[in-house]
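So you can see what is in the structure, the chains are spelled out below.
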Amino acid sequence: MNSFQAATSRLPMLVWLSLFCVYVIWGSTYLAIRFALDAYPPLFFPGIRFIVAGSVLMAFLLARGTALPSRRQVGHSMIIGFLLLNVGNGAVVYAQQSVGSALAATAVATMPLWASLFGGIWGQWPQKMQWIGLVVGFSGIVLLNIDGDFAANPVSAALLITASVSWAFGSVWSRRIDLPKGAMSTACQMLSAGVLFLIASAAAGESWLVVTTAKSMAALAYLLIFGSLVAFSAYIYLVQTVTPQLATSYAYVNPVIALLFGVTLGGELFVVSELAAIVLVLAGVLLIVMYNRPPKPAAR
């Protein structure tokens, strides 16, 4: 058995399914956000998205007899929900008012590097080959948009970098604090983030009397069901199960998926040089997956 087979054989099937969700579903949500922004204010629709998704998931868990979290766990969930969803997702939504879906996904792809930095602060530095995978993947991200639209304004660029840093820090820190187990953590984070989004929407004076369209309603429903209930739950499972490098490796695949969806459904352009970028991105993720194992303890 070669090294790739040996490494991947240790990953449970649920990990592979979760990786598929965050790779493909989250890659498609950038275009869905762009469609939703055609009809909904940028703070209002994430609030509706996360409150509804969180309420549905919470009701399902309570019906199954899942115990309510403690006050301490609820407080921690609110903090992580703020870092991941209010800042991490909210900044991306707000930036996509002026930048394309592929460019937004490209900027967010710096997140695994931040996650590696924060993970190293807590003593979980990537292995040598994972560092190589991170560099190779990031090189593909740069090449992916070398002929693309880099005319984003400074505010949008700053928002996207802030989103990456906040998401990475929240992901790594969440492994070290007391949170509800499993899907209950997801429900608490979405509920608290949704409430904060609506408070911010009201404070910003956004109109809640929107004239929606079939496309924007479909986009919101897709974000609610697949982007939140399915993919975010899968991500929380990955954060609690695998290394930060593997859990956040989706950020390198998302720009590729966002680009493909943008070309086929959003009318965005595709250039030949981006084929090489896709190869680099996938090669970087492959290295991260192959060497997804904790470092060996030092010899006495």
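What counts and what doesn't
Residues numbered from 1 in each chain as written. Predicted model: local features only at pLDDT ≥ 70, side-chain atom pairs only at ≥ 80, totals over all residues. Heavy atoms only, no water. pLDDT = per-residue confidence, 0-100. Contact = heavy atoms within 4.5 Å. Helix = DSSP H or I, 4+ residues; strand = E, 2+ residues; numbered from the N terminus. Buried < 20%, exposed > 50% of the residue type's maximum accessible area, 1.4 Å probe, protein only. Lys, Arg positive; Asp, Glu negative; His and termini not counted. Salt bridge = Lys/Arg side-chain N within 4 Å of Asp/Glu carboxyl O. Phe/Tyr/Trp six-rings, centres within 6.5 Å; stacked < 30°, edge-to-face > 60°. Lys NZ or Arg CZ within 6 Å of the ring centre and 35° of its normal. Axes fitted to C-alpha atoms, helices over the stretch in contact; angles between N-to-C directions. Parallel < 35°, antiparallel > 145°, perpendicular 65-115°, else oblique. Left-handed = near helix turned anticlockwise from the far one by under 90°. Nonpolar A, V, L, I, M, F, W, Y, C, P; charged D, E, K, R; others polar.

Engineer: Can you explain the confidence of the model for the chain? Please cite residues and give values.
Structural biologist: In regions of low pLDDT, the predicted coordinates are not meant to be interpreted in detail. A residue-level look at the chain finds 88% of positions with pLDDT of 70 or above and a mean pLDDT of 84. For residues 1-5, every residue scores under 50 in pLDDT, and the model assigns this stretch five contacts once sequence neighbours within four places are set aside. Ignoring residues within four places in sequence, the model shows residues 295-300, a span with pLDDT below 50, making zero contacts including any to other chains.

Engineer: Can you tell me about the side chain of arginine 49, naming the residues and giving the values?
Structural biologist: Here arginine 49 lies in helix α3 (residues 44-63). Nearest to the buried, unbridged arginine 49 among oppositely charged side chains is glutamate 206, at 14 Å. What arginine 49 contacts, discounting residues up to four positions off in sequence, is Asn89, Leu220, Leu223, Leu224, Gly227 and Ser228.

Engineer: Any details on the packing of aromatic side chains? Residues and values, ideally.
Structural biologist: Taken as a whole and judged by the stated rule, the model has 13 aromatic pairs. Their ring planes at 35 degrees and their centres at 5.4 Å tell us that phenylalanine 44 and tryptophan 208 sit as a pair that is tilted. Here the residue phenylalanine 44 occupies a position in helix α3, and tryptophan 208 occupies one in the loop between α9 (183-203) and α10 (214-241), the gap between them amounting to 164 residues. Classification of phenylalanine 44 by relative accessible area gives buried; the value is 11%. Relative to tyrosine 235, the ring of tryptophan 167 has its centre 5.4 Å away and its plane inclined at 45 degrees; by these criteria the two rings are tilted. Of this pair, tryptophan 167 sits in helix α8 (residues 154-173) while tyrosine 235 sits in helix α10, placing them 68 residues apart in sequence. Its relative accessible area of 9% is what places tryptophan 167 among the buried residues. One aromatic cluster is present, formed by Trp26, Trp167, Phe232, Tyr235 and Tyr250 through successive ring pairs. Cation over ring: lysine 215 sits above phenylalanine 35, and NZ or CZ is 4.5 Å from the ring centre.

Engineer: Break down the packing of α9 against α10 for me, with residues and values.
Structural biologist: Contact geometry of α9 with α10 gives a least axis separation of 9 Å together with a crossing angle of 120 degrees. One finds that α9 runs oblique with respect to α10. Crossing hand, α9 versus α10: right-handed. Touching Ser185, Thr186, Gln189 and Met190 of α9 are Ser228, Leu229, Phe232, Ser233, Ile236 and Gln240, all from α10. Split by residue class, the contact of α9 with α10 holds four nonpolar, six polar and no charged.

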